[in-house]
Structure formats: C-alpha cells, structure tokens
Amino acid sequence: MSKIKKIAVLTSGGDAPGMNPCIRAVVRTAIYHKLDVVGVRQGYQGLIDDNMYDMTTRSVSNILDLGGTILKTARCLPFRTEEGMEIAYQNLKARGIDALVVIGGDGTFTGALRFSKKYPDIAVMGVPGTIDNDLCGTDYTLGFDTATNTVIEALDKIRDTADAHDRLFFIEVMGRDSGCIALRAGISCGAEAILLPEKETAISELIEGLKAGEHNKKSSSIVIVAEGDKHGGAYDVAQMVKQEVKNYDVKVTILGHLQRGGSPSAFDRILGSRLGYACVIGLLNGDTQKMAGLKGNSVMLTSLEEALMVHEYKLEEDLMQMVEILSI
Ligand SMILES: Nc1ncnc2c1ncn2[C@@H]1O[C@H](COP(=O)(O)OP(=O)(O)OP(=O)(O)O)[C@@H](O)[C@H]1O
Ligand SMILES: O=P(O)(O)OC[C@H]1O[C@](O)(CO)[C@@H](O)[C@@H]1O
Ligand SMILES: [Mg+2]
C-alpha cells in the first residue's frame, strides 16, 4: 500500500510540445488512484513562491492539442541555492505534499536529484520534457518529435527558395548542448552538412564538401548548424565559409523559438500520456529519484543519475557518414 497521498506536478526549463498531455495524464492517473494533485506554476519558481493550486480532472480538459504548458515554466536561479531549496521544501510540507513530478530537461533533473537527496521524505519522479532529446534512459524526450517536424517544415520551404536562387543557406537550429534536432532534421531534408555541438567539424572539411557539391552541379546547398556548435552560430560559420565559396550567394536563417511551439504531434501526445501515467504508477509503487522513459516501445524507469549521463550515443556515427554519402 502506497504512503503517497498528495502529489505536486510542475514543468521546468524550456517548454516542449507534449508537456500538456503529460500534465493531463499525471493529474487524471493520480485522481483515479484517490490522490490529491497540486499544480505548481512556473517550475521551481512556483515552489519557492508557493504559487500552486489544487487540480481536478476538469483542470486538464481539452489540453491535449495545446503547445506550451498550462502550468507555465521558468528558468529559476534561486532553486540552485540551498536557501531556495529549503523554502521550496517548507512550502511543500506546509501543503502536505509528499511527492513531486517534474517534467523538464537535464537541468530540471539535476535540480530534482539534488532536492531529493537533501529532502528524501518527498518522493521525486521525472518525465523527460525537452525538445533537445539529451537525456539517457529514453530514446525520445517529449517535444523532440514535434520540434523536429517543425524544423523540417521550415527547411523544406528554405530549400525551395535556395534552389530557385542557387543559394547556399546556413540554418541555425536549437540545441545548446545537443545536436539531436540538427541531425534528424538534416537527414530528413537532405542537408549537405550538419554541424553539432558534440562533434567538431573542421571548417576546411566543410568547404571541401561544399566545393565538391558545386563541382557536381548542385544548385543549392543547406548547412545545418546546431546553436551550440563550437565555431559559434550560423552567422559565424557562414562568415568563415563565404570567402572560400565565391560562386554561391550565401544566406543565413536562425529558426529560433518557433521550434518550441505548436500543437504536439501524435507521437508526443502518446509519449506524454504514457510517461505521465507511468510516473504516478511508479510513485504508487514506492519509486523515487527515477525518470519514466521510452526504450523501444516499452516504458521503463531509469534512475535520475543514469538519465543525466552523456547522450552522445544518440548521434550515431553511421548516421553522420550516411548524411555525407546521401548528399553527394
Ligand atoms: N544544479 C542545479 N541545482 C538546482 N537546480 C537546478 C540545477 N540546474 C538546473 N536547475 C533548475 O532547473 C531549471 C531548468 O534547467 P534548464 O534551464 O537547464 O532547463 P532544462 O530542464 O535542461 O530544459 P531545456 O534544456 O529543455 O530548456 C533551472 O532553471 C533551475 O531552476
Ligand atoms: O531562450 P531560452 O528559453 O533560454 O531557451 C533556449 C534553449 O532552450 C532549448 O531550446 C531547450 O528548450 C535549448 O536548445 C536552447 O538553447
Ligand atoms: Mg537542458
């Protein structure tokens, strides 16, 4: 028999499509199992400000198709301090909350793990909610599929105009520390080259590849630059390449925050529902400091420590090689 009686749920870090279906699943699974549920507004900031409200089954009606997060989110500096964590803990205790579900990325999990080690009497479970797909223990994070599809839609449009004008485009996509969107979107759109934060590409190699494309009578070329690439952003890379590929008219597009918005894809709605459900069942079974993730087609629980290990295995070397071959 579970000791948990009241759980709080929050979304933290960058918003990601699929967070709302996940909140819905957490709330309804908990209520079905006779738990009380509290929604925390603005991530960890809401814990510190005691900005929380009681949720009912109707609090999450008709939100499956909404992007963003009905609970709002934030990047909260005070939660990184011991004092901030203590205030958050006291606010949770005052409300009789004995478990916390956090939906967010690696930063959110780092905070959750620290908090849980300091205050183990509050059980903590995580759902990987970030467009970055930079967590271990899950093949996909919530929002990655929708964001990648959003990028693909934009890239297809850019290819039209690039082709019409015989231009070389440098497109910057999100991923401060993660090249997952860049790689998947690049394969989907036939990018000529992809620059990732996890793997340094020599500018000389990039130029050589673009010149080979020119030689092979390519009319347009697209280079995807993940924002965390070591050479800087797309503007910096374009500047370095420009002098060397004189025949191309060079343009730069930064896709920016449009990548985080929009209605979640079917994949993200289903993933959010499954992972939110699994977190509550985990809490009922006495689990804590774990993340619910998808491996193959199975939902699995992984320790938060393991979830935070390096994600580079998601950028398979053979895929990078394939990009080179398929773009000749
Ligand atoms: N070391 C830490 N200790 C305590 N809290 C932390 C720590 N790192 C991050 N956090 C908390 O988690 C929040 C979210 O982290 P971050 O801004 O890195 O986003 P994220 O969860 O990684 O999501 P995304 O990368 O998708 O935007 C931070 O604003 C902060 O409140
Ligand atoms: O502008 P913000 O909200 O700080 O978010 C930017 C960061 O968030 C992410 O999009 C993840 O949500 C990163 O890829 C990016 O670097
Ligand atoms: Mg992150």
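What comes next is a walk through the structure. Because the structure is a prediction, the values reported are computed rather than measured.

Quick look at the site of ligand 2
Phase 1 of the analysis: Residues in close proximity to ligand 2 include G14, R75, I131, D132, M174, G175, R176, E227, H257 and R260, which together make up its full environment.
Phase 2 of the analysis: Within the contact set of ligand 2, an oxygen atom lies 2.4 Å away from a side-chain nitrogen or oxygen of E227.
Phase 3 of the analysis: Within the side chain of R260, an N or O atom sits 2.8 Å from an oxygen atom of ligand 2.
Phase 4 of the analysis: Coverage of ligand 2 by the protein chains reaches 80% of its 400 Å² of free accessible surface.
Phase 5 of the analysis: Looking at side-chain class alone, the shell around ligand 2 contains two nonpolar, three polar and five charged residues.

Examining the sheet that holds strand 1 (residues 6-11)
Remark on secondary structure: sheet strands pair via backbone hydrogen bonds, oriented parallel or antiparallel.
Phase 1 of the analysis: A sheet is described by the order of its strands in space; here seven strands give the open sequence 3-2-1-4-5-10-11, paired in mixed fashion. Here the strands that pair on one side only, and so sit at the sheet edges, are strand 3 (52-55) and strand 11 (298-303). Put simply, the sheet's adjacent strands are angled 25° from each other on average, direction ignored.
Phase 2 of the analysis: Taken together, the six bridges between strand 4 (residues 99-104) and strand 5 (residues 123-128) define a ladder with parallel strand orientation. For G104, the partnering residue across the bridge sits in strand 5 and is P128.

Section: the packing of aromatic side chains
Phase 1 of the analysis: In total, this model carries six aromatic pairs according to the counting rule given.
Phase 2 of the analysis: Relative to F115, the ring of F79 lies with its centre 5.7 Å away and its plane at 35°, an arrangement referred to as tilted. Taken together, the positions of F79 in the loop between strand 3 and helix 3 (82-94) and F115 in helix 4 (residues 106-118) put the pair 36 residues apart, joining distant regions of the chain. Here the two residues F79 and F115 agree in accessibility, since each one is buried.
Phase 3 of the analysis: For the ring pair Y140 and F144, a centre distance of 6.3 Å and an interplane angle of 25° mean the geometry is stacked.
Phase 4 of the analysis: Overall, F144 belongs to the buried group, its relative accessible area being 3%.

The rules behind these values
Residues numbered from 1 in each chain as written. Chains lettered and ligands numbered in written order. Predicted model: local features only at pLDDT ≥ 70, side-chain atom pairs only at ≥ 80, totals over all residues. Heavy atoms only, no water. Near = heavy atom within 4 Å. Polar contact = N/O pair within 3.5 Å; in protein donor to acceptor, adjacent residues only side chain to side chain. Areas by Shrake-Rupley, 256 points an atom, 1.4 Å probe, with all protein chains shown as cover. Nonpolar A, V, L, I, M, F, W, Y, C, P; charged D, E, K, R; others polar. Pairing = 2+ DSSP bridges. Helix = DSSP H or I, 4+ residues; strand = E, 2+ residues; numbered from the N terminus. Axes fitted to C-alpha atoms, helices over the stretch in contact; angles between N-to-C directions. Phe/Tyr/Trp six-rings, centres within 6.5 Å; stacked < 30°, edge-to-face > 60°. Buried < 20%, exposed > 50% of the residue type's maximum accessible area, 1.4 Å probe, protein only.

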